[in-house]
Amino acid sequence: MSDPTTIFQAQKAAFTAALPVAADIRRDRLTRAIALVTENADAFCAAMSADFGHRSREQSMITDILASVLPLRHARRHLGRWMRPERRPVTFPLGLLGGSGRVEYQPKGVVGVIAPWNYPVNLVMAPLAGVLAAGNRAMVKTSEYTPHTAALFDALCPRYFAAEELAFVSGGPETGRAFAALPFDHLLFTGATGIGRHILRAAADNLTPVTLELGGKSPVILGASADIARSTERVVIGKMMNAGQTCLAPDYMLVPEDREDQVVEGLTRAAATMYPRLIDNPDYTAIINDRHHQRLTGWLADARAKGARIETVNPAGEDFAATNSRKMPLHIVRDVTDDMILMQEEIFGPILPLRRYGDIDGAIAEVNRRDRPLGLYYFGSDAAERRRVLDRTVSGGVTLDDVIFHIGQEDLPFGGIGPSGMGAYHGRDGFRTFSHARAIYRQSRLDIAKLAGLKPPYGRATLRAIRQQLGQPRSGAS
């Protein structure tokens with residue numbers, strides 16, 4: 001691996017020398033990025049499965065291959081429209097006198113991407129859709145938790161991109177710290193909130209603009225009007241996808257106090273139907289490593305010791321302790337309290353706490369007393385209640401009557417707020433995040449400074465212009 005500083009300097013020099021970056025060059029880079037993924041899809045799926053100890057190939061094809069290709073294709077299709085300069089009105093009466101204004105979206109330069117381990121292809125390639133569409137060069141720091149996938153990127157990238165266009169950097173925490181400290185023109189980090197704070201401090205020394213996608217405890221509010229069977233099935237799909245190792249996975253459920261038993265029954269039935277067995281089930285993913293498996297097991301023990309009732313969905317009665325597969329069944333946790341670690345930290349695993357509420361304002365208060373989440377999910381047909389939840393909560397994004405799906409909409413911005421992140425990308429919003437919106441004003445041929453009284457020596461014309469702008473009558477005091 002080349003030194004990251006050397007790669008950065010080469011990319012920076014190449015970027016400056018090649019300005020401006022024409023649309024056909026950007027489209028070509030997007031096309032090559034699509035080829036990188038599609039032509040090596042099987043190899044990527046195998047690498048991800050090796051990294052996890054087992055990962056569903058079909059899931060990887062959906063969540064990492066398709067979810068990478070579709071944003072890249074979307075950017076390539078809409079690039080011409082995104083690049084067009086935008087005419088903007090200018091201060092009256094400059095427009096009438098011949099002045100004009102526009103915004104041109106200019107590439108920033110070299111963008112750094114620090115990718116996580118949970119979707120190690122998608123959370124590299126989907127951000128690159130906006131980065132490359134905006135005309136930038138890019139450096140990507142891959143996760144040390146997914147070494148097989150990182151090695152594959154290292155091997156494949158030179159076949160599709162010159163190092164001055166796109167390069168990958170692999171390594172552990174020290175490499176990550178050095179990477180974040182490079183004077184990028186923009187830096188995108190996806191990962192844990194605690195690490196995000198360190199990234200922000202490192203970027204601050206260079207005044208590097210940063211986009212953070214951090215996750216958090218995304219709640220499900222089950223309205224009194226919700227269809228229990230349909231709602232619980234959709235929650236289980238989102239919770240057990242990637243074994244809960246998803247930044248937008250439903251983290252806890254808020255359920256009407258008189259419907260908790262029905263909710264538990266619905267969750268159990270849905271999980272057992274989709275995953276009648278787990279250990280040898282090719283559709284179900286393992287926990288990424290021993291440390292995370294031990295973390296989740298420890299959090300369950302903490303909840304049990306503090307009075308929680310835990311219902312394990314194990315329809316085939318499998319002995320998970322007798323295997324080393326790191327497969328973990330869905331655990332539904334009831335009677336949870338705030339002193340349990342499960343209600344203090346993002347879970348990132350197949351554990352789902354339930355909280356009861358009396359009325360919808362109680363559920364809203366439960367959400368609002370916690371950090372603002374990356375996602376919020378509401379199920380119910382009561383339009384007034386739905387509107388109240390939307391108006392009275394703040395979150396990065398929302399999916400109604402399902403979970404997670406808002407991340408897959410390329411024409412909606414994706415990002416967090418507060419502890420769940422800052423900034424947004426995807427589609428046009430990603431193009432603009434990774435572009436500099438450059439204001440351009442063209443002056444009239446007339447001597448505007450003289451007409452506006454701006455040219456010294458100041459006199460009556462100056463006072464008259466000031467009064468006009470302030471809306472004062474001509475006879476007003478000077």
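Residues numbered from 1 in each chain as written. Predicted model: local features only at pLDDT ≥ 70, side-chain atom pairs only at ≥ 80, totals over all residues. Heavy atoms only, no water.

Overview of the overall build of the protein
A tally of helices and strands in the protein yields 16 helices and 16 strands. In terms of overall dimensions, the protein has a C-alpha envelope of 90 × 60 × 35 Å along the principal axes. Relative to its full complement of 478 residues, the protein shows a buried share of 51%. When contacts within the protein are restricted to residue pairs at least 6 apart in sequence, long-range pairs at least 24 apart make up 74% of them. Carbon and sulfur atoms make up 53% of the accessible area of the protein, which totals about 21,500 Å². (Helix = DSSP H or I, 4+ residues; strand = E, 2+ residues; numbered from the N terminus. Buried < 20%, exposed > 50% of the residue type's maximum accessible area, 1.4 Å probe, protein only. Contact = heavy atoms within 4.5 Å. Areas by Shrake-Rupley, 256 points an atom, 1.4 Å probe, with all protein chains shown as cover.)

Section: the sheet that holds strand β16 (residues 435-442)
Within the open sheet, the three strands sit side by side as β1-β2-β16. Their pairing is antiparallel. At either margin of the open sheet sits one strand with a lone partner, and together these are β1 (86-88) and β16. Ignoring which end each strand starts from, the neighbouring axes of this sheet average 30° apart. Here three bridges tie β1 to strand β2 (residues 100-107), and the two strands are oriented antiparallel to one another. (Pairing = 2+ DSSP bridges. Axes fitted to C-alpha atoms, helices over the stretch in contact; angles between N-to-C directions.)

Describing the side chain of glutamine 245
Counting through the fold element by element, glutamine 245 comes out in the loop between α9 (228-240) and β9 (252-256). When sequence neighbours within four positions are dropped, the list of residues in contact with glutamine 245 reads Phe52, Trp117, Asn118, Tyr119, Thr285, Ala286, Ile287, Ile288, Phe348 and Gly349.

Remarks on the domain arrangement of the protein
Per the domain assignment, the segments of the protein are domain 1 (4-214 + 424-437) and domain 2 (219-415). Centre-to-centre, using C-alpha coordinates, domain 1 lies 30 Å away from domain 2. If you look at the interface, domain 1 gives 24 residues, while domain 2 gives 29 residues. The contact between domain 1 and domain 2 buries some 2,200 Å² in all, and 53% of this surface belongs to carbon and sulfur atoms. Sorting the residues of domain 1 by area buried against domain 2 places His54, Trp117 and His426 first, and these three jointly supply 25% of that buried surface. Applying the counting criterion to the domain 1 and domain 2 interface returns zero salt bridges. Across the domain 1-domain 2 interface, the total number found is 15 residue pairs in polar contact (both at pLDDT 80 or more). Ranked by residues supplied to the side of domain 1 that touches domain 2, first place goes to helix α4 (residues 57-83) with five residues. The residue makeup of the side of domain 1 that touches domain 2, split by class, is eight nonpolar, 10 polar and six charged. (Domains from an automatic or database assignment. Buried area = accessible area lost by both parts, 1.4 Å probe. Salt bridge = Lys/Arg side-chain N within 4 Å of Asp/Glu carboxyl O. Polar contact = N/O pair within 3.5 Å; in protein donor to acceptor, adjacent residues only side chain to side chain. Nonpolar A, V, L, I, M, F, W, Y, C, P; charged D, E, K, R; others polar.)

So, the environment of leucine 30
Relative to the assigned elements, leucine 30 resides in helix α2 (residues 23-38). Relative accessible area serves as the criterion here: at 0%, leucine 30 is assigned to the buried category. Sequence separation between leucine 30 and glycine 95 is 65 residues; the distance between their C-alpha atoms is 38 Å. Leaving out residues up to four positions away in the same chain, leucine 30 has contacts with Leu72, Ala75, Arg76, Leu128, Ala129, Leu132 and Ala133.

Let's talk about the nonpolar core
Ranked by internal contacts, the top residues of the largest apolar core, which has 109 residues, are Met125, Leu128, Met253, Leu267 and Val333. A per-element tally of this core places helix α5 (residues 122-133) first, with eight residues. When we break this core down by domain, the ones giving at least three residues each are domain 1 (4-214 + 424-437) and domain 2 (219-415). Ignoring any residue separated from it by four or fewer positions in sequence, one finds methionine 253 in contact with Val220, Leu222, Val235, Val263, Leu267, Leu352, Pro353, Leu354 and Arg355. (Core = buried A, V, L, I, M, F, W, Y, C linked by side-chain atoms within 4.5 Å.)

Points about the pairing of strand β6 (residues 186-190)
Each regular strand carries side chains that alternate between the two faces of the sheet. With five of five residues buried, β6 lies mostly within the body of the structure. Going residue by residue along β6, you find His186, Leu188 and Thr190 tucked away on one face and Leu187 and Phe189 tucked away on the opposite face as well. Looking at chain direction, strand β3 (residues 110-114) and β6 are connected through four bridges and run parallel. Within β6, the position partnered with glycine 112 by the bridge is leucine 187. Summarising the sheet, β6 and strand β7 (residues 210-213) pair through four bridges and their orientation is parallel.

Observations concerning the packing of aromatic side chains
Taken as a whole and assessed by the stated rule, the structure comprises 11 aromatic pairs. Seen in terms of ring centroids, phenylalanine 414 and tyrosine 425 are 6.0 Å apart; in terms of plane orientation they differ by 80°. Their pairing is edge-to-face. Here phenylalanine 414 is found in the loop between β14 (397-400) and β15 (421-422), whereas its partner tyrosine 425 is found in the loop between β15 and α14 (427-433), with 11 residues between them in sequence. Take tyrosine 425: its relative accessible area is 3%, and that puts it in the buried class. Among the aromatic residues, ring-to-ring pairing joins Phe52, Trp117, Tyr145 and Phe348 into one connected group. For arginine 295, the ring lying beneath its charged end belongs to tryptophan 299, and the centroid distance is 4.7 Å. (Phe/Tyr/Trp six-rings, centres within 6.5 Å; stacked < 30°, edge-to-face > 60°. Lys NZ or Arg CZ within 6 Å of the ring centre and 35° of its normal.)

With respect to the sheet that holds β14
Read across the open sheet, the seven strands follow the order β10-β11-β12-β9-β8-β13-β14; overall the sheet is mixed. This sheet does not close on itself; its edge strands, each paired only once, are β10 (309-313) and β14. Taking each pair of neighbouring strands and ignoring which way they run, the sheet shows an average axis angle of 20°. Strand direction decides the pairing type here: β9 and strand β12 (residues 351-357), joined by four bridges, are parallel. Note on β12: the bridge partner recorded for methionine 253 is leucine 354. Of the strands in this sheet, β10, β11 (330-334) and β12 touch helix α11 (residues 290-305), which is tilted by about 25° from β11.

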